[in-house]
Structure formats: C-alpha cells, structure tokens
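# Chains, contacts and geometry: an overview
Listed below, chain by chain, are the residues.
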Amino acid sequence: MSLLKYESQVREPLVDGDKTYSQVTEDICRPVEGPPSRLWWIGFIISVALLLFGVVSLYKEVVYGTGMWNLNKTIGWGWDITNFVWWVGIGHAGTLISAILLLFRQGWRTGVNRAAEAMTIFAVICAGQFPIWHMGRVWMAFFVMPYPNTRGPLWVNFNSPLLWDVFAISTYFTVSLLFWYSGLLPDMATLRDRAKKKWAKMFYGVASFGWTGSTKHWQRHESLSLVLAGLSTPLVLSVHTIVSFDFATSVIPGWHTTIFPPYFVAGAIFSGFAMVQTLMLVTRKVMGLEDYITISHIENMNKVIVLTGSIVGCAYLTELFMAWYGASKYEYDIFFKYRIAGPYGWSYWLMMTCNVITPQLFWSKKLRRNIAFTFLMSVVVNIGMWFERFVIIVSSLYRDYLPSSWSVYYRPTIWEVGFYLGSFGLFFTCYFLFSKYFPVIAIAEIKHVLKRSGESFKEKMDPLEAQSVEEFAHQAHH
Amino acid sequence: MSVKKFVVGCFDDEKTLFPAVKNTRKAGYKIHDLYTPFPVHGLDHAMGLRETSLHTAGFIYAITGTTTALSFMGWVFTKDWPLNIGGKPNFPLPAFIPIIFELTVLFAAVGMVLTFCYLCQLAPFVKKDHFHLRATDDLFVMPLEVTDKTNVEEVKAFLKNAGAVEVFEKEAETGWWIGRYDKDRKIFEKEEKTVIA
C-alpha cells in the first residue's frame, strides 16, 4: 500500500509547481493581506455604482408599483422572474462542486470549491430579491411565513409551489451559508495567526471562532462536511426542481410538462458552471493563482458544461416533440407558432444557439483547454441560459387562451433593467469583498491533497511509472 | 478552565508525526492534543480518539425536522383551519413532501453546525491559547502535559529524538474565554488560579 503514496501521473496534478505547506499558505494569503490593487478598486466601484442604480430602480418600483416594469395583464412575470430563475440556477454549480463532487471523491473540486460556494451564496441572495420585490407591497413580504395571525385563512397554503419555493430557497441559502462558513473557519484561523495589522487580528480572530486545529475538532469537522455534503446533494436537486414546479404545476401551455425538473436542474448546473468559469478565469489571473486553478480544472468544468448543455439540448427537442405528439392544440400553438416562430422567435433561436449549438465545440480538447475561448463561451452560455428562462416565461404568457387578452409585445422598462443590473452590482460587490478579504481557495483542503496530487510529489512516481506491470506486481506483493 | 504546563513538540512532516504519536503513547506520555493545519487522515486513530457521533446527532435533528413539518402542516390543514383548496383533500401528503424534505435538511444542517460549534467550543469572540502560530500553517504541534513531578528535560529529549523540529515549554490555558486576538491575555486567569489554590 505504501508503494502508492502518490497518485498516478495519468491524472494531471491538482497543484502545479514545487510547493510546500507554507508556500500554499503564502500563495493564497498574500493577495488577501496586501492592499487592494487598482484593478480591484475599479471593479469594486463599478459594482457599487450598479448596485446603487439597482436601489434607485427599486425605489421607483416600491413607490409606483410593479407597473413600472411594464408587466401587464398577460405577462405578469417578465424580467424579474426570469432573473430569479437565472440567478438561482447559477447558484447550483457551487453546491454541485462542493457537495456532489465531494461525495464522488473528485479531487479537483478543492481548487475551486471555496469561490464557487461563495458564488452560490451571492447568487441566491440576488435571486431572492426578485420574488420579494415582485410582491409589489414588499412591506408585506412576511405574509409568506407560516405564523399564527388574524388575516383571512390564517395560514399560508402549503399546497402551493410558490410556498415550497419560499422554503426551498431559504433552506438552500441557510445550508449553503453554513457549509461555506464551516469550511472557512480553519482558513480564517490561518489568516488570524499570520495577521500583523490590528484590524486583521481582530477581524479574523472574531471570524475564525477561536479555531485551533485540534485533531478532535478536525475529526468532527470532517464528519460535519461529509454530512452537509450528503444533505446538500439532494437539496440542490430539490431546489431547482421546486423552482420548476412553479411552472410545471400550472396549466399554462409550455409550462405544464413533467420534463421540467430534470431539465431545469441540468440547465442550472450548466449556467452555474459557466458563471464559475467566468469568475475563476479572472480570479486566477488577477490573484496569481494559476498553480491552484490549473488548466485541467478548467477543462474538467468545460466537460461538465458540454454534458449538461447536451442534456438541456435533449430537453428542448423533447419538448418540441411532445408538443407535436401530445396533440394538445394550445401546447402545439405555443411551441410551433409563438415560441420557435412569431414575434419572440428570435429569442428562442438565440437560446438554441448559445446553449445547444456552440457548447458542442467543447468536444474538442484543444478548445476545452483554451482560456480565451472558455471565457467567451462562459459568457455565451449565461446569455443563452438567461434567454432560456425568458423564452419559457414570456413566450408562454404573451399568447394565453383568450386572444382578446394577448399582449402585443413586452419590452422591459429602464427600471426593470436597472433592477437586473442592480443584482449584478450586488453580486459583484459581494464577490469583490470576498475575494479581497477571504481566502478564495480552501487552504486546508489544498494542503490535504498536496502530497498526493501536487506536481512535485507526483514526480516521485517516476520510478513506479517506469516499471513494467510484472515488476510492479512483484514489488507490491512483497 | 485552568492553566497547565506543557512541553510542546512541533513536527513538519506526517512521516515523522505518525511514529512519534505512536511512540509517545507507548512511552506513557499524555498527549494533550495535536494541532494540525489540515485534517490528517488516520491521526485520530493513531491518537486513540473515539469516533465522533456528530452524524448520529445529525440524524436525530433530521427526523425532528421531518416530524415537525409533517405534523405541523397536518395540524394546520385538518385541525386548526381546514380549507377547501380546489376540492383537494385536507391531508395531501404528496403536496407536503417538498416542505417536509426542506425542513428535514434545514433542521439537520442547522442542528449539526450548532452542535459542532458547541462540542468544539467555537463561537465569535471566543479566544483560546495557541501553542504555535504555525499550527495553522505548516506545523503539526503536539503539546504533552507535564506536572511538577515530570522530568521536563527527559520529555524534551524524547520529543527531539522522535523527530520534532522544535521543542519548547509553555504554560497555557486549556479552556476558552471571551477575548480578542488583537489584545493580549488579561489578568483573568491569574485570578482564577488563586481561587483554585
């Protein structure tokens, strides 16, 4: 057994370069401890500006109502719910990386899980804003909570998918936050013990909860991570399933389908990984973390993108097939007259191009390992996934059962767009703060895999790799 | 909470750490704890720690969540305020499944994290004594508890021999107190010491 101390060289190293434990600490903590760069300030200021624009847009909406968003009789859900589903979907990649890949023992998750989990949390915060502000009278948002009260039918309707959503999203947020933060504790302690400045000692001292690194604590920490991963795995599948129920349990043609849960989950992972790529490619470059988020990490994520993109493509085709085969007049019309054709036909074909056709280029290994191409694709995929939700929501609503209430053409107002931009502002403000003051890579987890999968350690496999099968078997036997 | 005296041995490689732990236990020294920068698999067994039952607690929290959700929704819809919603039954079990599942997960996760923090005595503003600042960086730090009767030099020599890269004596508080890491220790435990004496 001791013979196989390192992983075979067939697998690419997870950490490049000749690293020791303290170098790992140094590499990851240095950008956190130094002053913010000019690039960081520029990005941060732009994000805050977007956030403020979002606040102004929301002010308009709260004062004058959701009419400010051009929502009307038939199109009651427009950009806002599109954005909600889009952001929730993006969140899913973080949990997939941190939970499902942990259970599948995928070592490469260690390089990206911390930032991806942070992305999940920020994306869910952004997502939550849309249904809340969409309520119009937002000061009554607490009506969704089940508590004894004196209004009408006393309790919320537990049969309603919209209420399931309240439970699903809030549970998802809470569990992701706990998972993320419990993983952060040891790394916050590392920063605390390295801190020179007074504020840093205080901040990381408070934030690390007095973590010491005791073996017993690590044992419990491992158990906790494993169980939280086990819980998050069905949770992440359930969340987007329940989001899809918002549509699937209704009787609107184009929504009323049983394919929605798996189709939505695959789409969520697809767009989430694209967003992880966008963030990681910038983060690794700006913070000099190329040794930890390697090309092989990027390639692995691109493989997930091409897989989930193809699943989503299958779902699109299945939907079209069922619309024809199901022989329901309304279903057929929505798909063939008003979705792939008609005034919103362009959005359907944009979605098809971005989500199904272009990701197929990732079957080429060369393109999977091309950073510039990956970055471009990650943006394209997220545009496509935004349009997927737009197509589902708007193209099913603008032609309902009653032609007299058909809406002509729905266009968002500046305040609706402003709210969306504001959610970008919120997301990136959070991400910029996170990447500056928190370790963006799980330091302890990298150290854990370093001596098995680090490049310099893998090289020690050389004599073993050179052996023939017989020699190896002979040696292993003794 | 009390202040005790320790001889601390620091190791920089798992290869020397495991035999050192084994030999230390064989020699009869009391390992106070072992501080590592990352989880070292098998170290808990080497130290003779028992398995944690945190996951059992998690299971109990989970079924608490399940029963809470099921009984609460059932009570609301059948006893407290039965409503006719589209002619559907008052106890629609399939429609309850999503919320039951979410509450199961929520209770388990929150309960486990709180239990974890309680067991490990972790909370904001909690401060503990550290034996070596590099214990969260690249050193495996093993403090051995010593009493007045212990031959400290012998323990030091033993640790050196076992491959420790750094050996020193230190008095440390074994418990925790409310404090901040940007401030040094206060007279607090000195008072406590006199009380004990």
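Placed above this text is the structure.
For the structure given in this document, a descriptive report is provided here. (Residues numbered from 1 in each chain as written. Chains lettered and ligands numbered in written order. Predicted model: local features only at pLDDT ≥ 70, side-chain atom pairs only at ≥ 80, totals over all residues.)

Looking only at helices and strands, chain B features six helices and five strands. When the elements of chain B are put in sequence order from the N terminus, they spell out β-α-α-α-α-β-β-α-β-β-α. Its C-alpha atoms give chain B a radius of gyration of 25 Å, more than 25% over the compact-globule value 16 Å for 197 residues. Here chain B holds 197 residues, and the buried ones make up 34% of them. Within chain B, contacts between residues separated by at least 24 positions form 81% of all contacts whose residues are at least 6 apart in sequence. (Helix = DSSP H or I, 4+ residues; strand = E, 2+ residues; numbered from the N terminus. Rg over C-alpha atoms; globule rule 2.2 N^0.38 Å. Buried ≥ 20, exposed ≤ 12 C-beta atoms within 10 Å, placed from the backbone. Contact = placed C-beta atoms within 7 Å.)

What follows covers the overall build of chain A. The helix and strand inventory of chain A stands at 18 helices and zero strands. Computed over its C-alpha atoms, the radius of gyration of chain A comes to 24 Å, within 12% of the 23 Å expected for a compact globule of 478 residues. C-alpha extents for chain A along the principal axes are approximately 80 × 55 × 45 Å. Split into buried and exposed, the 478 residues of chain A put 49% on the buried side. Looking at chain A alone, contacts between residues at least 24 apart form 84% of all its contacts between residues at least 6 apart.

This part takes up the sheet that holds strand S1 (residues 3-11) of chain B. Residue and element names in this part refer to chain B. Spatially, the three strands line up as an open sheet ordered S3-S1-S4, and their pairing is antiparallel. Unpaired on one side and paired on the other, strand S3 (140-146) and strand S4 (166-173) mark the two borders of the sheet. Pairwise comparison of adjacent strand axes, ignoring direction, gives a mean angle of 35° for this sheet. Two elements, S1 and S4, share eight bridges in a ladder whose sense is antiparallel. Note that in S4 the partner of Phe-6 across the bridge is Lys-170. Sheet contacts for helix H5 (residues 152-161): S1, S3 and S4; angle to S1, the most-contacted strand, approximately 25°. (Pairing = 2+ DSSP bridges. Axes fitted to C-alpha atoms, helices over the stretch in contact; angles between N-to-C directions.)

Each side of the interface is counted separately: chain A has 54 residues, and chain B has 57 residues. Looking at the side of chain A that touches chain B, the elements with two or more residues in it are helix H1 (21-33), helix H5 (161-194), helix H6 (198-207), helix H7 (215-248) and helix H15 (443-453) of chain A. The element that contributes the greatest number of residues to the side of chain A that touches chain B is H7 of chain A, accounting for 16 residues. Looking at side-chain class alone, the side of chain A that touches chain B contains 25 nonpolar, 21 polar and eight charged residues. (Nonpolar A, V, L, I, M, F, W, Y, C, P; charged D, E, K, R; others polar.)

Pairs of packed helices are described in terms of their axes, by the angle between the two and the distance that separates them. Residue and element names in this part refer to chain A. It is at 6 Å that the axes of helix H3 (residues 79-103) and helix H8 (residues 260-286) come closest, and there the two elements cross at 75°. The pairing of H3 with H8 is recorded here as roughly perpendicular in orientation. Of H8, the residues touching H3 (which contributes Trp-86, Gly-89, Ile-90, Gly-91, His-92, Ala-93, Gly-94 and Leu-96) are Gly-267, Ala-268, Ile-269, Ser-271, Gly-272, Phe-273, Met-275 and Val-276. A class-by-class count of the residues in the contact of H3 with H8 yields nine nonpolar, seven polar and no charged. (Parallel < 35°, antiparallel > 145°, perpendicular 65-115°, else oblique.)

The next subject is unusual backbone geometry. Unusually for a residue other than glycine, Arg-105 of chain A sits at a positive phi of about 55°. Among the structural elements, Arg-105 of chain A can be located in the loop between H3 and helix H4 (109-134). Residue classification places Arg-105 of chain A among the exposed residues on the basis of 7 C-beta atoms within 10 Å. The backbone of Gln-121 of chain B sits at a positive phi, close to 55°, despite the residue not being glycine. With respect to the helices, strands and loops of the structure, Gln-121 of chain B is situated in the loop between helix H4 (93-119) and strand S2 (126-128).

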